[in-house]
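Structural overview
These are the residues of each chain, in order.
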Amino acid sequence: MIDKKLIPVAGLKREPFSGNHGGMRYYFCVDESKENFLVFVYPEPWCFEQTPEEEKESRSFPLNEEGMDLAIEWLFQKYEEKKEIWEQAAQNTMHN
């Protein structure tokens with residue numbers, strides 16, 4: 001799914017990070033305190049800004065390596081919990 005090495009903790013302080021896996025999109029960003037970061041999951045096909053808030057789920061983690069490990073684990077859990085939803089979203093994604 002996602003490789004922790006692709007998201008350096010220090011990099012989140014500069015800019016958000018987003019990606020997708022099998023119909024599940026994810027978005028990482030630092031919160032206002034700059035001590036934690038938020039991870040959102042939501043279905044394809046829209047970008048974070050265009051996805052309705054009620055379709056997003058989020059969780060906060062400490063802005064350190066341990067927090068990143070917990071965030072990656074949470075992403076795997078969310079994918080498995082809602083696998084049918086993500087797979088359906090992937091099927092409905094617009095293709096060029």
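Heads up: these notes are all about the structure in this document. Along every chain, residues carry numbers that run from 1 in the direction the sequence is written. Since the coordinates come from a predicted model, pLDDT governs what is reported: local features require at least 70, and pairs of side-chain atoms require 80 or more to be given and counted, while whole-chain, interface and lining totals use all residues. Calculated side-chain values reflect all of the structure's heavy atoms, with hydrogen atoms and water omitted.

Another point: the sheet that holds strand β3 (residues 36-43). Being paired, for any two strands, means DSSP has found at least two bridges between them. Each helix is a run of DSSP H or I of at least 4 residues and each strand a run of E of at least 2, with the numbering of both proceeding from the N terminus. Taken together, the 4 strands give an open sheet; going across it, the order is β1-β2-β3-β4, and neighbouring strands pair in antiparallel fashion. The open sheet has two free edges, formed respectively by β1 (17-21) and β4 (57-62), since each of these has just one partner strand. Here the average twist between neighbouring strands, direction ignored, is 20 degrees. Relative to strand β2 (residues 24-30), β1 is paired through 5 bridges, and the arrangement is antiparallel. Its bridge partner lying in β2, S18 is registered against Y27. Contacts: residue pairs with any heavy atoms within 4.5 Å of one another. Note on method: axes are straight lines fitted to C-alpha atoms, helices fitted across the in-contact stretch only, with angles between N-to-C directions ranging 0 to 180 degrees. Its contacts with the sheet place helix α2 (residues 65-81) against β1, β2, β3 and β4, and it is angled at close to 160 degrees to β4.

So, about the packing of α2 against helix α3 (residues 83-92). Pairs of packed helices are described in terms of their axes, by the angle between the two and the distance that separates them. Running from N to C, α2 and α3 point in directions that differ by 80 degrees, and their axes come no closer than 5 Å. As summarised for this structure, α2 and α3 are arranged roughly perpendicular, according to the angle between their axes. Contacts between α2 and α3 involve K78, Y79, E80 and E81 from the first element and K83, W86 and E87 from the second. For this scheme, ten residues count as nonpolar: Ala, Val, Leu, Ile, Met, Phe, Trp, Tyr, Cys and Pro. Four count as charged, namely Asp, Glu, Lys and Arg, and the remainder, Gly too, count as polar. Split into classes, the residues belonging to the contact of α2 with α3 amount to 2 nonpolar, no polar and 5 charged. Throughout this description, any angle smaller than 35 degrees is read as roughly parallel, any larger than 145 degrees as roughly antiparallel, any in the 65 to 115 degree range as roughly perpendicular, and the remainder as oblique.

A word on the pattern of salt bridges. Salt bridges are defined as contacts in which a side-chain nitrogen from Lys or Arg sits within 4 Å of a carboxyl oxygen from Asp or Glu. Taken as a whole and assessed by the stated rule, the structure comprises 5 salt bridges. A salt bridge links E81 to K78, with the shortest nitrogen-to-oxygen separation between them at 2.6 Å. Of this pair, E81 and K78 both sit in helix α2, 3 residues apart, roughly one helical turn. Summary of the burial criterion: residues with accessible area below 20% of their type's maximum are buried, those above 50% are exposed, and those between are partly exposed, where the area comes from a 1.4 Å probe applied to protein chains only. Overall, E81 belongs to the exposed group, its relative accessible area being 54%. The network of salt bridges with shared partners includes E57, K78, E81 and K82.

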